[in-house]
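Per-entry structural report
One letter stands for each residue in the lines below.
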Amino acid sequence: MAAIQISKDLLHDQFVGKTLHEVITPAVVLDLAKVEANCNLMLEAAERLNLSWRAHIKTHKTEELTRLQVGDKSSSPVNLIVSTIIEAEKLVPLLKEYQEKGRQVNVLYSFPLYASCIERLAKVSSALGAGALTVMVDHVEQVPHLAALASKAGGNAPLVFLKVNVGTNRAGVIPDTPACSALVDSLLASEAAGTSSLLGLYCHAGHSYATRRDWEAMGILGAEFEALRKVAELVRDRRAPGKEPLVLSVGATPTATTIQHPDLAAANGTNGTNGANGTNGTNGHSNGTHAEDHDASNGTTPNILTAVPTSHLKHLLKSLKAEGFTLEVHAGVYPTLDMQQLAAHARDSSFLNSSKIGVSVLADIASIYPSRGPDRATEALVNAGCIALGREPCEDRGAEPGRHYTAWGMVAPWGSTELKKKLPVPGPKFPAEHGGWEVAKISQEHGVLRWVGKSEDEVPLSVGQRVQIWPNHSCITGAGHAYYLVVDSRNEGREDEVVDVWVRWNGW
């Protein structure tokens, strides 16, 4: 069911041309320069490696950012993922636009099938035509829904991804189990009956969010492909000949973004392109932990700072392609990033640092409480609680509980000159090392900032001051807002001016 959609035109008239110091708070803000650069990095990496790309829109739920995720001027296929049916419904006009331009389109509803979704999915399928809708199945009792969906969609048999559990234990069938074998047989029977077409195997490595070492998630990406290969071989042994190659679709932002490692596209070598004997040079990149040390580097290819063996994944990709599989990667939160992504260290700090975060929550400081916190730390009250920020933590993976970052957000170096120049930002050792103004406590509408660090280093705040807060998980943060205020940091001297408003497709 759709939430009430606010008029973009009315919001445009209300906000565009104002600065972030003039708008109402709390508000969620996107920096167009950063989200566009992050989108381009993924598109370029997938193209370099000759991988199919499927963008998840659940983080932002907007038409405008969807265009950036698929390359609005590109001629490549438009493969998308949605987490709610309203997202699929709202995408229809955009996908029909791309069809008219000759682009192949496909949208995947990423929740396993259930009875009450069939009617609405059938309308999406009817509107877009054959081959444009893909659904997810992870249990044999979901398979009968495929025939109902095909019938209600005017005979358009849905494409199907068999969802495989690779360790996250959220959804998916476990490989090498009787349940997996039975599901394969059931889907192949549906395909033989003409009520569906098996597109391939799909997994989501949500457990990769718990990685804490640079490029560690690359190993999980390889494990995803290897797990899907097992099930794909079972399918191929039992499937009728003459079918399209199976798609192996893997991802989550930590694993998917590791394909940006430049060595993966190199003909030789295992650790990058700039260092001898597999060790990468830094070329002077600063790893400081203050705001003034970070370079946004929008759209440029950084130098690798952390050596990592890439030969296994390179060989795996080559062998899977040689076996005739189509390889696909998918991800969702990579355009905006957030504190969870910094904590996961999917890439090293030359690729992934706080200057790449494209989302923030704008809030006002209502009160200051000197010496109220632990060890007499200063605290401050902001008008952004769990509704505005979300209530999702960064998992504490430290040996001693509570030493690593466990806050609900972090104040960004924005606004006052002192915050811009002196406020600590997450460095290469985050989340083990952290400090500055952190959101220590939240309730529904209240957020409590607390200074973390030496008292003599405290960057002062004042009542009435406006701050930007980097959220932990931007997917959850966005859900509390009806629209995004969009700024563009490439506009020198007007970095805080609202240039657009993007309305979210909230609801289900």
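The structure we're discussing is the one just above.
Anyway, here's the lowdown on the structure attached to this text. Residue positions within a chain follow its written sequence, with the count starting from 1. This being a predicted model, a pLDDT of at least 70 is required before a residue's local features are given, and a value of 80 or more before pairs of side-chain atoms are given or counted; all residues contribute to the totals for chains, interfaces and linings. Side-chain figures throughout are based on the complete set of non-hydrogen atoms in the structure, without hydrogens or water.

1. Here's the deal with the overall build of the protein
Where we set the bar: Strands are runs of DSSP state E lasting at least two residues, helices are runs of H or I lasting at least four, and both sets are numbered from the N terminus onward. Type-normalised accessible area, obtained with a 1.4 Å probe on protein chains alone, sets the label of each residue: buried when under 20%, exposed when over 50%, and partly exposed for intermediate values. It only takes one pair of heavy atoms within 4.5 Å for two residues to be counted as in contact. Under the convention used here, a 1.4 Å probe and the Shrake-Rupley method define accessible areas, while residue burial counts only the protein chains that appear. Asp and Glu are treated as the negative residues and Lys and Arg as the positive ones, with His and the ends of the chain left uncounted. To locate a charge, take NZ of a lysine, CZ of an arginine, CG of an aspartate or CD of a glutamate.
Check the secondary structure of the protein and you find 14 helices and 17 strands. Per-residue burial over the protein gives 56% buried out of 508 residues. Pairs at least 24 residues apart make up 77% of the contacts formed inside the protein by residues separated by at least 6 positions. With an accessible surface of roughly 20,700 Å², the protein has 51% of that area assigned to carbon and sulfur atoms. Computed over 47 positive and 55 negative side-chain charges, the separation of the two mean positions in the protein equals 2 Å.

2. Things to note about the packing of aromatic side chains
Note the threshold: Aromatic pairing here means that ring centres of Phe, Tyr or Trp (its six-membered ring) are within 6.5 Å. Orientation follows from the plane angle: under 30 degrees is stacked, over 60 is edge-to-face, and everything else is tilted.
In the structure shown here, the tally under the stated rule is 8 aromatic pairs. Centre to centre, the rings of Tyr405 and Phe430 are 5.1 Å apart; their planes meet at 50°, and the pair counts as tilted. A residue pair is termed long-range when its members are at least 10 positions apart, and Tyr405 in the loop between helix H12 (386–389) and strand S12 (409–411) and Phe430 in the loop between helix H13 (417–422) and strand S13 (436–442) qualify at 25 residues. Grouping residues by exposure puts Tyr405 and Phe430 together as buried. Relative to Trp451, the ring of Trp437 has its centre 5.5 Å away and its plane inclined at 70°; by these criteria the two rings are edge-to-face. Highlighted residues: Trp437 in strand S13 and Trp451 in strand S14 (residues 447–452), separated in sequence by 14 residues. For the pair Trp437 and Trp451, one class covers both residues: buried.

3. Notes on the state of the cysteines
As a reminder of what qualifies: Only a pair of cysteine sulfur atoms within 2.5 Å counts as a disulfide in this structure description.
Counting across every chain of the model gives 0 disulfides. With no disulfide of its own, Cys386 lies closest to Cys394 among cysteine sulfurs, the gap being 16 Å. Unpaired in this structure, Cys475 has its nearest cysteine sulfur neighbour in Cys394, at a distance of 13 Å. Its relative accessible area of 8% is what places Cys475 among the buried residues.

4. So, the layout of surface pockets
Our working rule: With a 1 Å grid spanning the protein atoms alone, the term cavity applies to any set of points in which a 1.4 Å probe fits but cannot get out, the term pocket to an open set with protein on both sides within 12 Å along at least five of seven lines, and the term lining residue to any residue with an atom within 4 Å of a point. Grid points are joined across faces, edges and corners, and a volume is the space filled by probe spheres set on the points. Throughout this entry, Asp, Glu, Lys and Arg are counted as charged residues, while Ala, Val, Leu, Ile, Met, Phe, Trp, Tyr, Cys and Pro are counted as nonpolar. The remaining residues, Gly among them, count as polar.
If you add up the space inside the largest pocket, you get close to 1,000 Å³. Lining of the largest pocket is provided by 44 residues; of these, Lys58, Arg170, His204, His473 and Ile476 occupy positions nearest its centre. Listing elements by their share of the lining of the largest pocket, those giving two or more residues are strand S4 (105–112), strand S9 (326–331), helix H11 (339–344) and helix H14 (474–479). For the lining of the largest pocket, the element with the most residues is S4, which contributes 4 residues. Residue composition of the lining of the largest pocket, grouped by class: 21 nonpolar, 15 polar and 8 charged.

5. Re empty space enclosed by the protein
One simple way to see leftover space: roll a probe sized like a water molecule over the atoms. Scanning the model with the defined rule gives 3 cavities of 30 Å³ or more in all. Looking at the largest cavity, its volume works out to about 100 Å³. What lines the largest cavity is a set of 13 residues, among which Leu342, His345, Leu352, Gly427 and Pro428 lie closest to the centre. Looking at side-chain class alone, the lining of the largest cavity contains 5 nonpolar, 5 polar and 3 charged residues.

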